[in-house]
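Residues per chain are reported as follows:
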Amino acid sequence: MSNESNRRNFLKQSGLLTGGALLTTLPSFASSYGFNSSADDTIKVALIGCGGRGKGAALQALKSKQNVKIVAIADAFRDRLDDAYKTLHQNPELAKRVDVPEERKFVGFDAYQKAIPLADVVILATPPGFRPMMFEEAVKQNKHVFMEKPVATDAPGVRRVLAAAEEAKKKKLNVVVGLQRHYQPNYREMIKRIHDGALGDIIGGSVYWVSGGVWVKPRQPNQTEMEHQMRNWYYFNWLCGDHINEQHIHNIDVANWVKRGYPVSAQGTGGRQVRTGKEYGEIFDHHIVDFVYEDGTLINSQCRHYEGTYSKVDEQFVGTKGRVDSFGRQSILKDYKGNSIYTHNGKGDGDPYQIEHDELFAAIAKGEYKFQDAENGAKSTLTAIMGRMATYSGKMVKWDEALNSNIDLFPEKLAWDAKPKLLPLENGFYPVAVPGKTIAV
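- The name that an unreviewed UniProt entry assigns to the chain is Gfo/Idh/MocA family oxidoreductase, with the source organism given as Larkinella bovis.

Okay, here's the thing in structure tokens:
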């Protein structure tokens with residue numbers, strides 16, 4: 001059977017053709033009686049979320065070797081949508097496959113609901129707080145998904161993603177999550193050897209994202225509180241989940257990958273030592289967490305945002321036979337005499353951000369069901385959230401407690417004049433967690 005036939009059968013079996021209710025928004029290769037006999041192999045993509053990662057992911061989808069076409073763009077803000085549209089047209093060759101007339105540009109909190117039906121694949125790159133409901137909707141509408149990490153900001157969101165992940169498996173929908181180290185050659189090769197026993201049993205390790213901070217967008221005159229928080233989403237937990245979740249999840253996920261499991265408990269400390277202004281919302285500027293796994297292995301996690309200090313974004317692990325001190329381009333597994341067990345020279349390795357899209361769209365084009373990243377994405381997200389619960393409260397938090405937490409950060413209503421659950425005090429500062437007083441779960 002040809003690749004095109006495989007692909008058509010796959011998309012059909014995945015549920016992309018679901019009957020009369022969706023006939024007006026079927027992919028170009030479909031008709032009301034099934035699949036067209038034409039050779040049109042276009043994979044239609046909707047971009048939802050037009051920030052830096054959204055634009056990057058859309059360009060990477062277009063750069064894959066498959067016949068990908070961007071057919072819809074959605075964002076809460078018109079200016080961000082227009083910026084993404086402009087970016088997608090900077091490369092004349094890629095711009096030929098951007099087919100987004102004005103009627104397929106959608107703005108507002110409900111924009112995703114209008115864009116998803118138009119595509120075969122959706123790219124979800126909004127702030128993480130929106131990920132659960134958007135992923136849920138994409139799976140409901142039988143779409144393959146690329147979604148950025150993290151996939152939630154609180155436990156109720158994680159549970160929604162886990163439930164949708166099960167539905168995606170049943171429907172054989174490919175889901176790739178932007179924990180791109182899983183698609184990075186040196187990580188793949190090193191961790192394969194670790195799992196094959198090159199270092200013996202992993203008995204400890206440390207993971208790091210210690211660096212300077214990120215952008216701040218000053219409050220503008222006449223902004224509602226909702227718009228201010230949306231524009232500065234990194235500093236509010238309902239949108240971001242704190243930088244232990246939004247950023248450090250990459251390194252925490254590597255620990256889970258190496259251990260082939262998830263921690264049973266976490267305890268740690270954190271606070272606001274340097275980044276203390278009102279413009280930084282509610283999040284901490286540092287977290288230090290001990291994650292303990294089922295076999296007793298302790299992995300130390302460190303993340304901070306201090307400008308002008310030592311920087312490290314990496315992981316190291318200790319085994320009974322040897323260790324790995326870095327997953328940099330020149331990655332080395334070595335024994336305790338200093339001998340190399342395996343050395344990975346990263347020269348020539350591809351860009352993992354591109355590889356994840358290349359592999360996703362290749363699988364879809366071939367009619368293969370290959371990627372089930374959502375469950376791990378949700379559980380690594382929960383690991384980071386559990387770490388935040390521990391640092392905010394100063395308590396030890398267990399996995400089941402974190403998973404079953406009913407602390408729901410999401411606003412009761414999404415509208416520009418609606419109030420988020422966290423509001424500034426009279427002095428303009430936001431309430432901040434206080435260890436020993438803040439409730440853990």
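**Side note on the packing of aromatic side chains**
Part 1: Tallied over the full model, the rule gives 18 aromatic pairs.
Part 2: A ring pair is formed by Phe 284 and Tyr 392, whose centres lie 4.5 Å apart and whose planes are at 50°; its orientation type is tilted. With a gap of 108 residues between them, Phe 284 in the loop between β10 (265-271) and β11 (286-292) and Tyr 392 in helix α13 (residues 373-393) connect regions that are remote in the sequence.
Part 3: Here the aromatic residues Phe 77, Phe 109, Phe 130, Trp 238, Phe 410 and Trp 416 are joined through ring pairs into a cluster of three or more.
Part 4: In this structure, Arg 193 packs its charged tip against the face of Tyr 342, placed 3.8 Å from the ring centre.
Part 5: The ring of Phe 77 is capped by Arg 231, whose NZ or CZ atom sits 3.7 Å from the centre of that ring.

**Observations regarding the sheet that holds strand β12 (residues 298-305)**
Part 1: Spatially, the nine strands line up as an open sheet ordered β16-β15-β14-β13-β9-β12-β11-β10-β17, and their pairing is mixed. Every interior strand has two partners, whereas the edge strands, β16 (340-345) and β17 (397-398), have only one.
Part 2: As paired elements, strand β13 (residues 312-319) and strand β14 (residues 322-324) share two bridges and run antiparallel to each other. If you follow Val 318 over to β14, its bridge partner there is Arg 323.
Part 3: The strands touched by helix α8 (residues 185-195) within the sheet are β9 (202-211), β13, β14, β15 (330-335) and β16, with β16 carrying the most contacts at an inclination of about 165°.

**Points about the sheet that holds strand β7 (residues 144-147)**
Part 1: Within the open sheet, the six strands sit side by side as β5-β4-β3-β6-β7-β8. Their pairing is parallel. The strands lining the two open edges of the sheet, one partner per strand, are β5 (105-107) and β8 (175-177). Averaged over all pairs of adjacent strands, the angle between strand axes in this sheet comes to 15°, irrespective of strand direction.
Part 2: Looking at chain direction, β7 and β8 are connected through three bridges and run parallel. Looking across to β8, one finds that Phe 146 is bridged to Val 176.

**Comments concerning the packing of helix α11 (residues 249-259) against α13**
Part 1: In the contact formed by α11 and α13, the axes pass within 9 Å of each other and the chain directions differ by 110°. On the basis of their axis angle, the class for α11 and α13 is roughly perpendicular. Relative to α13, α11 is oriented so that their crossing is right-handed. Between α11, through Ile 249, Ile 252, Asp 253 and Asn 256, and α13, the contact on the second element is made entirely by Asn 376, Ser 380, Thr 381, Thr 383 and Ala 384.
Part 2: Here the contact of α11 with α13 is composed, by residue class, of three nonpolar, five polar and one charged.

**Points about the pattern of salt bridges**
Part 1: According to the stated counting rule, one finds 24 salt bridges in the structure shown.
Part 2: For Glu 166, the salt bridge identified is with Lys 169, shortest N-O distance 3.4 Å. Of this pair, Glu 166 and Lys 169 both sit in helix α7 (residues 155-171), three residues apart, which is roughly one turn of the helix.
Part 3: Judged by relative accessible area, which is 25%, Lys 169 ranks as partly exposed.

Parameters at a glance
Residues numbered from 1 in each chain as written. Predicted model: local features only at pLDDT ≥ 70, side-chain atom pairs only at ≥ 80, totals over all residues. Heavy atoms only, no water. Phe/Tyr/Trp six-rings, centres within 6.5 Å; stacked < 30°, edge-to-face > 60°. Helix = DSSP H or I, 4+ residues; strand = E, 2+ residues; numbered from the N terminus. Lys NZ or Arg CZ within 6 Å of the ring centre and 35° of its normal. Pairing = 2+ DSSP bridges. Contact = heavy atoms within 4.5 Å. Axes fitted to C-alpha atoms, helices over the stretch in contact; angles between N-to-C directions. Parallel < 35°, antiparallel > 145°, perpendicular 65-115°, else oblique. Left-handed = near helix turned anticlockwise from the far one by under 90°. Nonpolar A, V, L, I, M, F, W, Y, C, P; charged D, E, K, R; others polar. Salt bridge = Lys/Arg side-chain N within 4 Å of Asp/Glu carboxyl O. Buried < 20%, exposed > 50% of the residue type's maximum accessible area, 1.4 Å probe, protein only.

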